[in-house]
Amino acid sequence: MSQVDKLQQAEEDLAQMREEAAKAAKEEARQDLQKAPLSDTAKKAHQSVVAPLSQVKTMVNMRVGQLPDLHELAVSIKETGLLHPPLVRATGDDDTPYELLAGRRRFGAMTLLDEAEGAREDWRFTLIDGISKREALTMQFAENFHQSKPEPVQFARAARAIMAEDPSLTAAEVSRLVGAPLAWTRKSLKLLDLPEGVVTRVEEGDLSFTVADIVRRGIARGDVSAEEATELVEQATKGEISTAGLKLGVGYVPPKPKNYEEESRKLDEARWAANREKGLGKDQDADQRDWDGGASSGGANGSQGGPIRDGGDLAGGPQTHRIVASFGGDRDAAEGAPIEVDVTDLDAYILGLVLSRVATADHRSHLGVEGGHEATQEYAYSLHPNRRLEVLRALGAEILASDPLPPKALRALLPA
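Just so we're clear, the structure is a prediction, and the values are computed from it rather than from any experiment.

Student: So, the overall build of the chain: which residues are in play, and what are the values?
Tutor: Of the regular secondary structure elements, the chain holds 19 helices and eight strands. Pairs at least 24 residues apart make up 66% of the contacts formed inside the chain by residues separated by at least 6 positions. Surface summary for the chain: the accessible area is close to 25100 Å², and the carbon and sulfur share equals 53%.

Here's what the structure looks like:
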């Protein structure tokens with residue numbers, strides 16, 4: 001089978017896999033909608049009531065800050081009427097017999113109209129019978145979530161409030177009640193396990209949801225203490241360290257993509273096969289043998305020892321692809337203890353450093369890398385191990401070609 005046929009077959013297989021995945025997802029969604037509801041809230045009776053706004057009290061809303069576009073909504077209500085009356089429940093209080101369940105923005109717009117034109121006595125509401133405090137919180141939660149995804153800490157605190165009203169509820173059940181993704185709910189709830197100083201930074205928008213979760217996992221693993229994590233977050237907030245530095249400080253290691261090794265190997269095998277057909281396979285096969293452990297990178301010089309040693313057999317035997325590094329100098333005994341690093345991760349680390357500290361913006365742009373140190377490290381780690389060396393060497397050649405003072409040993413290779 002030719003390479004063109006192989007490529008076409010691979011594309012057809014991929015299209016079939018996507019189609020099957022879409023069918024499976026559709027069927028899973030259909031089965032989810034067939035599940036029995038967790039409560040009978042949806043079946044409770046509704047009736048229309050009329051009351052002034054002064055007879056309706058509002059719950060503490062999960063959202064904070066000013067409600068958006070109230071004036072525009074007030075104009076719409078004035079011109080076209082109240083199309084969807086806010087939902088309320090009975091309180092049993094003669095002075096304020098109703099409590100707002102859903103429709104906070106509509107209630108705010110109605111308040112603006114009262115302030116402009118005088119209080120009305122005939123505002124329409126929809127009263128739902130027999131709504132509990134937990135159901136009231138859930139309805140408010142669901143409305144807010146589907147209007148626009150709330151800030152994660154607010155979301156987590158609202159979810160905790162619902163679970164406090166009914167301790168038997170799980171995170172999965174709360175997610176289903178409000179129609180939120182389960183993974184997002186679990187992550188949000190775990191944010192409340194962070195030190196208060198870190199939670200505050202998330203609330204104020206100084207720390208992203210994703211990075212906050214990385215910090216939380218670092219604390220949970222024991223890679224960093226709560227106090228150390230709080231200090232690192234403060235340094236990142238003040239610009240003293242980068243986001244990448246914060247991640248490294250809490251022990252974050254970028255995960256490899258799903259099926260990374262298998263898919264990368266398949267792509268490389270196809271590339272090597274194509275190069276062999278073009279008569280370019282000799283060097284590629286040599287590179288592959290080196291990667292598979294057939295030749296030592298240390299050579300004769302490696303056997304002389306030194307601060308960095310290959311973890312494999314330098315005489316040419318099987319390699320473990322590990323580097324043992326020991327640093328002396330002024331460092332104390334504990335800091336000078338040997339550390340063992342996977343050579344593929346070391347390649348990615350070096351490539352990321354070269355891209356961020358040595359390569360020009362044009363070099364990075366050519367590779368499609370936008371951003372600083374964090375972006376270059378993520379790019380380097382995303383590449384297959386063989387590809388990392390290729391990019392590093394190509395980058396080195398470009399840097400060498402533009403170097404006004406290249407090493408003497410390489411000057412003869414450069415054009416005059």
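Back to the write-up after that little detour.
Student: Tell me what's going on with the pairing of strand E5 (residues 123-128), and back it up with residues and numbers.
Tutor: The buried fraction of E5 is high, at five of six residues. By the bridge criterion, six bridges tie strand E1 (residues 46-51) to E5 in an arrangement that is antiparallel. Bridging across to E5, Ser-48 finds its partner in Thr-126. In the sheet, strand E3 (residues 87-90) pairs with E5 via two bridges, with the strands oriented parallel. The partner of Val-88 across the bridge, within E5, is Leu-127.

Student: Quick one: what's the story with the environment of Gly-372, residue by residue and with numbers?
Tutor: Here Gly-372 shows up in the loop between helix H16 (361-366) and helix H17 (373-382). Taking C-alpha positions, Gly-372 is 10.0 Å from Thr-243, a pair spaced 129 residues apart along the chain.

Student: Mind laying out the packing of aromatic side chains, listing which residues take part and the relevant values?
Tutor: For the structure on display, the rule yields two aromatic pairs. Ring centres 4.5 Å apart and planes at 85° place the aromatic pair Phe-155 and Trp-184 in the edge-to-face group. Of this pair, Phe-155 sits in helix H5 (residues 152-165) while Trp-184 sits in helix H7 (residues 182-191), placing them 29 residues apart in sequence. Take Phe-155 and Trp-184: they sit in the same class, and that class is buried. Ring geometry for Trp-184 and Phe-209: centres 5.6 Å apart, planes at 75°, overall edge-to-face. Taken together, the positions of Trp-184 in helix H7 and Phe-209 in helix H9 (residues 209-221) put the pair 25 residues apart, joining distant regions of the chain. Its relative accessible area of 13% is what places Trp-184 among the buried residues. Each member of the aromatic cluster is reached from another via a ring pair, and the members are Phe-155, Trp-184 and Phe-209. Its guanidinium or amino end placed over the ring of Trp-123, Arg-120 lies 3.9 Å from that ring's centre, counting from NZ or CZ.

Student: So what's going on with the packing of H7 against H9? Residues and values would help.
Tutor: Any two packed helices are characterised by the angle at which their axes cross and by the distance between the axes. At a closest axis distance of 10 Å, the pairing of H7 and H9 adopts a crossing angle of 65°. Relative to H9, the crossing made by H7 is left-handed. Between H7, through Trp-184, Lys-187, Ser-188, Lys-190 and Leu-191, and H9, the contact on the second element is made entirely by Phe-209, Ala-212, Asp-213 and Arg-216. Of the residues in the contact of H7 with H9, the class split is four nonpolar, one polar and four charged.

Student: Mind laying out the nonpolar core, listing which residues take part and the relevant values?
Tutor: Of all hydrophobic cores here, the largest spans 40 residues; its most connected members are Phe-141, Leu-207, Val-215 and Leu-246. Contributing elements (two or more residues each) for this core: helix H4 (133-147), H5, helix H6 (171-178), H7, helix H8 (196-203), H9 and helix H10 (226-237). Leu-73, Leu-82, Phe-107 and Ala-109 belong to the second-largest nonpolar core, a separate cluster that totals 18 residues.

Student: Break down H6 for me, with residues and values.
Tutor: Inspection of H6 places Ala-171, Val-174, Ser-175 and Val-178 among the buried residues, and these make up the whole buried set. Across the axial projection of H6, the buried residues extend over an arc of 100°, all falling on one side. Positive backbone phi, at 75°, marks Gly-179, one or two positions downstream of H6.

Student: Describe the pattern of salt bridges, naming the residues involved and giving the relevant values.
Tutor: Opposite charge on two side chains allows them to pair when their charged atoms are near. Applying the stated criterion across every chain yields a total of 20 salt bridges. A salt bridge links Asp-32 to Lys-35, with the shortest nitrogen-to-oxygen separation between them at 3.6 Å. Look at Asp-32 and you get partly exposed, because its relative accessible area is 32%. Of the charged contacts in the structure, one is a salt bridge between Glu-204 and Arg-201, with a shortest N-O distance of 3.6 Å.

Student: So what's going on with the sheet that holds strand E2 (residues 56-58)? Residues and values would help.
Tutor: The five strands lie next to each other as E1-E5-E3-E4-E2, forming an open sheet whose pairing is mixed. Edge positions in the sheet fall to E1 and E2, since each has one partner strand and no second. The average undirected angle you get between the axes of adjacent strands in this sheet is 45°. Summarising the sheet, E2 and strand E4 (residues 98-102) pair through three bridges and their orientation is parallel.

Student: Please provide a residue-by-residue account of the side chain of Thr-126, values included.
Tutor: Summarising the element assignment, Thr-126 is placed in strand E5. Thr-126 sits in the buried class, given a relative accessible area of 17%. Discounting chain neighbours no more than four positions away, the residues touching Thr-126 are His-46, Gln-47, Pro-85, Pro-86, Leu-87 and Val-88.

Student: Give a detailed account of the side chain of Arg-388, specifying residues and quantitative values.
Tutor: Mapped onto the elements, Arg-388 comes out in helix H18 (residues 385-401). Look at Arg-388 and you get buried, because its relative accessible area is 1%. At 3.0 Å, the side chain of Arg-388 and the backbone oxygen of Leu-383 are in polar contact.

Student: Any details on helix H15 (residues 343-358)? Residues and values, ideally.
Tutor: Taking 1.5 Å of rise per residue, 16 residues should cover 22 Å, and H15 covers 21 Å from first to last C-alpha, within 8% of that figure. Among all positions of H15, only Val-343, Thr-344, Asp-347, Ala-348, Leu-351, Gly-352, Leu-353, Val-354 and Leu-355 are buried.

Student: Talk me through the confidence of the model for the chain; I want residue IDs and the actual numbers.
Tutor: Here the chain averages 77 in pLDDT, and 74% of its residues register 70 or above. The secondary structure element of the chain with the lowest average pLDDT is helix H14 (residues 299-302), at 35, and the one with the highest is E5, at 95. Counting contacts from residues 280-320, a segment whose pLDDT is below 50, to residues more than four positions away or on other chains yields 54 contacts.

What counts, and where the lines are drawn
Residues numbered from 1 in each chain as written. Predicted model: local features only at pLDDT ≥ 70, side-chain atom pairs only at ≥ 80, totals over all residues. Heavy atoms only, no water. Helix = DSSP H or I, 4+ residues; strand = E, 2+ residues; numbered from the N terminus. Contact = heavy atoms within 4.5 Å. Areas by Shrake-Rupley, 256 points an atom, 1.4 Å probe, with all protein chains shown as cover. Buried < 20%, exposed > 50% of the residue type's maximum accessible area, 1.4 Å probe, protein only. Pairing = 2+ DSSP bridges. Phe/Tyr/Trp six-rings, centres within 6.5 Å; stacked < 30°, edge-to-face > 60°. Lys NZ or Arg CZ within 6 Å of the ring centre and 35° of its normal. Axes fitted to C-alpha atoms, helices over the stretch in contact; angles between N-to-C directions. Left-handed = near helix turned anticlockwise from the far one by under 90°. Nonpolar A, V, L, I, M, F, W, Y, C, P; charged D, E, K, R; others polar. Core = buried A, V, L, I, M, F, W, Y, C linked by side-chain atoms within 4.5 Å. Arc of directions from axis to C-beta. Salt bridge = Lys/Arg side-chain N within 4 Å of Asp/Glu carboxyl O. Polar contact = N/O pair within 3.5 Å; in protein donor to acceptor, adjacent residues only side chain to side chain. Expected span 1.5 Å × (residues − 1). pLDDT = per-residue confidence, 0-100.

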